[in-house]
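Given next are the chains, with one letter for each unit.
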Amino acid sequence: MTESTPSEARANAEGIALARAARRGDTLAMQDLLGLLTPYVARICTPIALCGGPDATQEALVVVFRSLRALREPEALYGWVRAIAVREAVRIARRDARDRPAELTEVPERGDPQLGADIRDVLARLAPEHRAVLVLRDIEGLDEQAAAALLDVPAGTVKSRLHRARASFRRAWSA
């Protein structure tokens, strides 16, 4: 995982303080906490759930709101929220029937004007589980064990999904 910047460290400390206050019943702190977490959750949900990203973000924030009192260690806030966001994003992607990858032969040719949304288009062709592992490893910077814990699968499954996801992404990208 990458080191945090001073502003990220301040945001983390602010989030932890807000989580503590919200757990005690401070509704303003809960509102501020959800506002602080929204961009973080959206950054995780959008590449996994694609068009369902806003729904996944909202669903994840609802789970955070309802379950915050169950969070025993406020210092673990961001890891806990990340797990919720990934779970909700995968659930929404499945709900939206995106769990069946498109045939890679359907990828537009190079130079096709349809490639204006290159990365999003290629990601849309991957299964939600593959998008999730790509986000956790390549965007969030988690190792296999941490990604496996979040996805509730063995580390070997994360490795194989990551390998298949990267290979599919490369094939689609270079087609």
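Refer to the structure presented above.
Residues numbered from 1 in each chain as written. Predicted model: local features only at pLDDT ≥ 70, side-chain atom pairs only at ≥ 80, totals over all residues. Heavy atoms only, no water.

**Student:** Could you clarify how one ought to interpret the nonpolar core in this entry?
**Tutor:** As a rule of thumb, nonpolar side chains are buried together in soluble globular proteins. In this structure, Leu37, Val41, Ile48, Leu68, Leu77, Val86 and Leu151 are the most contacted members of the largest nonpolar core, which totals 48 residues. Counting only elements with at least two residues in this core, the list comes to α1 (6–23), α2 (27–49), α3 (53–67), α4 (77–95), α6 (128–139), α7 (144–151) and α8 (155–174). Here this core takes 11 residues from α2, the largest share from any one element. Ignoring anything within four residues of it in the chain, the contact list for leucine 68 reads Ala19, Ala22, Arg23, Met30, Leu33, Leu77 and Trp80. (Core = buried A, V, L, I, M, F, W, Y, C linked by side-chain atoms within 4.5 Å. Buried < 20%, exposed > 50% of the residue type's maximum accessible area, 1.4 Å probe, protein only. Helix = DSSP H or I, 4+ residues; strand = E, 2+ residues; numbered from the N terminus. Contact = heavy atoms within 4.5 Å.)

**Student:** What is the right way to read the packing of aromatic side chains from this model?
**Tutor:** Note on aromatic pairs: each is described by the distance of the centres and the angle between the planes. With the rule as written, the count across this model stands at 1 aromatic pair. Between tyrosine 40 and tyrosine 78 the ring centres are 5.2 Å apart and the planes differ by 85 degrees, which places this aromatic pair in the edge-to-face class. Taken together, the residues span a long stretch of sequence, with tyrosine 40 in helix α2 and tyrosine 78 in helix α4 at a distance of 38 residues. (Phe/Tyr/Trp six-rings, centres within 6.5 Å; stacked < 30°, edge-to-face > 60°.)

**Student:** Honestly, α3 in this entry has me stumped. Any pointers?
**Tutor:** Three- or four-residue spacings in an α-helix give side chains the same orientation, since the helix completes a turn every 3.6 residues. Compared with the 21 Å implied by 1.5 Å per residue over 15 residues, the 21 Å span of α3 between its first and last C-alpha is a close match. Inspection of α3 places Gly53, Ala56, Thr57, Ala60, Leu61 and Val64 among the buried residues, and these make up the whole buried set. Each buried residue of α3 lies within a common arc of 130 degrees when the element is viewed along its axis, so the set occupies one face. In α3, the exposed positions that point more than 90 degrees away from the buried face belong to Pro54 and Arg66. Residues of α3 that are buried in the fold lie against α2 and α4. (Expected span 1.5 Å × (residues − 1). Arc of directions from axis to C-beta.)

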